[in-house]
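Structural characterization, general
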There are 2 protein chains.
Amino acid sequence: MSTSLALIGVGHIGGSMAAGLRAAGAVHAIHGYDSDSEALEQARSLDLIDAVHPTPEAAAKEVELIVLATPPSAIAEVCRSLEPHIAEHQVVTDVGSIKKPVLQEIEQACGQVPPWFVPGHPISGTEKSGAQHASSGLFRDRRVVLTPVSGTDSGKVDRICWMWEQLGAQVERMDADTHDALFAGISHLPHVLAYALMEVLTDTFPAEELKRYAAGGLLDFTRIASSNPELWLDICQANREHLAPVLEKFQGRIGELIAALHNDQPDVLRGSFTTAKKTRDTLRPDGHE
Amino acid sequence: MSTSLALIGVGHIGGSMAAGLRAAGAVHAIHGYDSDSEALEQARSLDLIDAVHPTPEAAAKEVELIVLATPPSAIAEVCRSLEPHIAEHQVVTDVGSIKKPVLQEIEQACGQVPPWFVPGHPISGTEKSGAQHASSGLFRDRRVVLTPVSGTDSGKVDRICWMWEQLGAQVERMDADTHDALFAGISHLPHVLAYALMEVLTDTFPAEELKRYAAGGLLDFTRIASSNPELWLDICQANREHLAPVLEKFQGRIGELIAALHNDQPDVLRGSFTTAKKTRDTLRPDGHE
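On a predicted model such as this, the values are computed, not experimentally measured, just so you know. (Residues numbered from 1 in each chain as written. Chains lettered and ligands numbered in written order. Predicted model: local features only at pLDDT ≥ 70, side-chain atom pairs only at ≥ 80, totals over all residues. Heavy atoms only, no water.)

With respect to the relation of the copies chain A and chain B
- Its rotation angle being 180°, the transformation that places chain A on chain B also includes 0.0 Å of axial translation and leaves an RMSD of 0.0 Å. Interpreted geometrically, this transformation is the action of a two-fold axis. Considering only C-alpha atoms, the residue of chain A closest to the rotation axis is F221 of chain A, which sits at 2.0 Å.
- Looking at the interface residues of chain A, 100% of them are also at the interface in chain B, so both copies use one shared face. (Least-squares fit on C-alpha atoms with pLDDT ≥ 70 in both. Contact = heavy atoms within 4.5 Å.)

Looking at the packing of aromatic side chains
- This structure, assessed with the given rule, holds seven aromatic pairs over all chains.
- Ring geometry for F183 of chain A versus Y213 of chain B: centroids 5.9 Å apart, planes at 70°, classification edge-to-face. Within this pair, whereas F183 of chain A is found in helix α7 (residues 176–204), its partner Y213 of chain B is found in helix α8 (residues 207–213), the two belonging to separate chains. Each member of the pair, F183 of chain A as well as Y213 of chain B, is classed as buried.
- For the ring pair Y195 of chain A and F273 of chain B, a centre distance of 4.2 Å and an interplane angle of 15° mean the geometry is stacked. With Y195 of chain A in helix α7 and F273 of chain B in helix α12 (residues 266–283), this residue pair bridges two chains. (Phe/Tyr/Trp six-rings, centres within 6.5 Å; stacked < 30°, edge-to-face > 60°. Helix = DSSP H or I, 4+ residues; strand = E, 2+ residues; numbered from the N terminus. Buried < 20%, exposed > 50% of the residue type's maximum accessible area, 1.4 Å probe, protein only.)

Section: α12 of chain B
- The end-to-end C-alpha separation of α12 of chain B is 26 Å, in line with the 26 Å expected for 18 residues at 1.5 Å each.
- Along α12 of chain B, the positions that sit buried rather than exposed are L269, S272, F273, A276, T279, R280 and L283 of chain B. The buried side chains of α12 of chain B occupy one side of the element, clustering within an arc of 140° when seen end-on. Those residues of α12 of chain B that are exposed and angled more than 90 degrees off the buried face are D267 and K278 of chain B.
- Where α12 of chain B is buried, its residues meet α7, α8 (207–213), α9 (216–221) and α10 (229–238) of chain A together with α11 (240–262) of chain B. (Expected span 1.5 Å × (residues − 1). Arc of directions from axis to C-beta.)

Considerations on the interface of chain A and chain B
- Contacts between the two partners involve 88 residues from chain A, matched on the other side by 88 residues from chain B.
- Between chain A and chain B, the buried area comes to about 8,700 Å², and carbon and sulfur atoms account for 68% of it.
- Its largest share of buried area at the contact with chain B, chain A owes to Y213, L261 and F273 of chain A, together 9% of the area lost on that side.
- Counting every contact that joins chain A to chain B gives 36 residue pairs in polar contact (both at pLDDT 80 or more). (Buried area = accessible area lost by both parts, 1.4 Å probe. Polar contact = N/O pair within 3.5 Å; in protein donor to acceptor, adjacent residues only side chain to side chain.)

Details of helix α6 (residues 154–166) of chain A
All names here are of chain A.
- Across its 13 residues, α6 extends 19 Å between first and last C-alpha, which sits within 8% of the 18 Å expected from 1.5 Å per residue.
- The N-cap of α6, judged by a side-chain oxygen 2.7 Å from the amide nitrogen of G155 a few residues on, is D153.
- Residue G168 follows α6 closely and has a positive phi angle near 85°.

Section: the pairing of strand β5 (residues 91–94) of chain B
Residues and elements named next belong to chain B.
- Of the two faces of β5, both are covered, the one formed by V91 and T93 as well as the one formed by V92 and D94.
- Inspection of the sheet shows strand β4 (residues 65–68) paired to β5 by four bridges, in the parallel sense. Following the sheet pairing, L68 is matched in β5 by D94.
- As a crossover connection, the stretch from β4 through helix α4 (residues 75–82) into β5 is right-handed.
- Direction of pairing for β5 relative to strand β6 (residues 117–118): parallel, over a ladder of two bridges. Note on β6: the bridge partner recorded for V92 is F117.
- Viewed along the sheet, the connection from β5 through helix α5 (residues 100–110) into β6 turns out right-handed. (Pairing = 2+ DSSP bridges. Right-handed = clockwise from strand over helix to strand, strands pointing away.)

A closer look at the sheet that holds strand β3 (residues 51–52) of chain A
All names here are of chain A.
- A sheet is described by the order of its strands in space; here six strands give the open sequence β3-β2-β1-β4-β5-β6, paired in parallel fashion. Either end of the sheet is taken by a strand with one partner, and the two such strands are β3 and β6 (117–118).
- Across two bridges, strand β2 (residues 27–33) lies against β3 in parallel orientation. By the bridge assignment, H31 is partnered in β3 with A51.
- Running at roughly 150° to strand β4 (residues 65–68), helix α4 (residues 75–82) makes contact with β1 (3–8), β4, β5 (91–94) and β6 of the sheet. (Axes fitted to C-alpha atoms, helices over the stretch in contact; angles between N-to-C directions.)

Structural notes on the pairing of strand β9 (residues 170–173) of chain B
Residue and element names in this part refer to chain B.
- Looking at chain direction, strand β8 (residues 143–146) and β9 are connected through four bridges and run parallel. Of the residues in β9, the one forming a bridge with R143 is Q170.
- Note that the unit made of β8, helix α6 (residues 154–166) and β9 has a crossover that is right-handed.

Brief notes about the side chain of Q90 of chain A
Residues and elements named next belong to chain A.
- Mapping Q90 onto the fold places it in the loop between α4 and β5.
- Using a relative accessible area of 2% as the deciding quantity, one classes Q90 as buried.
- Polar contacts involving the side chain of Q90 include one to the main-chain carbonyl oxygen of V63, which spans 2.7 Å.
- Setting aside residues up to four positions removed in sequence, Q90 forms contacts with A60, K61, V63, E64, I66, H85, W116 and K156.

Focus on the sheet that holds strand β1 (residues 3–8) of chain B
Residue and element names in this part refer to chain B.
- Pairing in this open sheet of six strands is parallel, and the strands run β3-β2-β1-β4-β5-β6 from one edge to the other. The sheet is open, and its two edges are formed by β3 (51–52) and β6, each paired on a single side.
- Along the sheet, α6 makes contact with β1, β4, β5 and β6, crossing β5 at roughly 60°.

Thoughts on the pattern of salt bridges
- The tally for this structure, following the rule as stated, stands at 32 salt bridges over all chains.
- Between R253 of chain B and E199 of chain A there is a salt bridge, and its shortest N-O distance comes to 2.7 Å. Pair noted here: R253 of chain B is in helix α11 and E199 of chain A is in helix α7, and the two residues belong to different chains.
- You can call R253 of chain B buried: its relative accessible area is 17%.
- On the basis of relative accessible area, E199 of chain A is assigned to the buried category, the value being 13%.
- With a closest N to O distance of 3.0 Å, K99 of chain B and D94 of chain B form a salt bridge. Each member of the pair, K99 of chain B as well as D94 of chain B, is classed as buried.
- Linked through salt bridges whose partners overlap, the residues forming this network are R143 and E172 of chain A together with R212 of chain B. (Salt bridge = Lys/Arg side-chain N within 4 Å of Asp/Glu carboxyl O.)

Structure follows, in C-alpha cells:
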C-alpha cells in the first residue's frame, strides 16, 4: 500500500528519502517545495519529485506524509505556516540533527508542539549537499531516532516508523534532551574539530603542500569538514547548551596532553591513546568501518 | 633485475613492502628479523619472508637492501648494531614518520649519519597493525618522502628510489626538519585529536550508546584512533618540538570557537567552517575520498 508525500526541502536528505521511498514502492506521488527555486527545479528534473509548489502549504495540501527536510532553524516557521491547514489524516516529521531547541521554537510558534508533529533524526552521516547526490540506499541499516513529546499522537508516530522502515532504517525513541546531549558529543563535536583542524592547517601550511601530502588518515578525519557550513553553524548554535561543555571538556584534555608533551610524561599520552583505541575497536563493525 | 632484501621489523608496513616487492618481481629473497619472535614466525608462515634470523645483523648479512620497518625509537640502535657489518654494496633505509630526531639519535649512536643510510617515510596512512594485514598494493600511487643529509651517498638514494618505484610509489625529497613540521600538522595532530576525542567520548557516554549511534562521520573521524598506541606515543614524543606548537594553535582556535558559542557570535564559527570546507574540498581527488 503506497501513500503520498510532500517534501519541504529537497536537498541531499530529502532527495534521498524521495528516491528510497519511490524505490520501495511506498509512495505514488511526491510533492516538493524548497525556498531555493533552483534546487526545487533540479529535484524535479532528477525525477525525485513529481510536482513543484510555491509554498509549503501548497505542497502539503493533498498528501498524507509531510517531511520537513530543511535546516533546523526553518522548522518552527514551516510548522506555523502549515498549522491552519493540517487535516486529520496528515502527519508531519522532520530530519533535524537537534531536537529540543526546535521543539521549543515550535511551542513558541504554535502554542504547543502539535500532536501531528513527530520529531525525527536519521543517523546517516554524510558530508554531501544537494539533491544531485541523493541516494535511495542512504538510510538502509541506519538508525533513526524519534523524540516524540507527551502530546504527540501515537498513531502518527506509527506512520513515521512505517515510513522509515520502508527505507530500511531501524527506528529508536529517545527523549529530546538526551538526544541532543548524545549527538553534541558523537556528531556535533567531531564536526567542529574537523572544521577547526582544517582551518588551522590552512593557516599553517601552503595549500600545495596540503594537497600533495594529505593521505588517508587526514582525508578520513576531515571528510566531514566538507559538510555544509551554514547547516552546521545552525546545528552548533542551536545545540550550544550541550556542545559548549563537551567542547570545553575536550579542550581541557588537549591542555593536559600538551602539558604532558612539554613535561615528558609519556604515561599521560599512553593512557589517552590506549583508552581511545580500546573504545574505537569496539565501534567498528566486522567487515566495514 | 631482482635483488635481495632484509626486513628489520615485520609488521604492517614491513610486511606490505615484502608482499609488494615480491609481487613486482623486484626481490628474490627476503630475510627477516623482529624483536617479537611471534610476529617473525607469523611473517614466515604468511610467506612474507623466506628466512628468519635471530639478530638484525644476521638478517642483513647477505642482502643488498635493508629496510628498518621498526618504530622510530628503535632505528638508531639498529643502525649502531649494523654499522660494523655494512658492506660497500649495501643500503639501509627506514620508514619512520619522524625524521630529524631519529637522524640526531643515529648521529649520536654512530658518530655521524652513515652514507649508507637513506631516511624515508611512506605516506600510506592506515590504522592497521601486524603482518596479517599486509597488502602488496599499500604503496601504489602513494608518496614517499626521502630526507637524505649532505653526507648521504647519492647512489644509495637512487637505489631506494628504485625500490619505492617498484612498489608503485612516487618519491619526493624534503629537508628532515621541514618534513617533521609538515607531518606534525597533517598527520600527528589528527592522530592526537582522534585519540583525545575517543577518550573524551568514552569518559562521557555509556559504551552501549557509542556503539549504537556511532555513524559514518564519527567512524571516519576516529578511524586512526585504532592505530597502535605505543607507535604513536613514540612518534608524538619524538616530534614534540613541532607537535606541541601546532597542538597549542589548535587549542587556541577551539577556545575562540567556545567563546563564540557562549557570546552568540555566529560569524566566528561561520568563518572557521567556511575556510575549512574550502580547503577540504580541494583535497579530495575526484572519484574517491
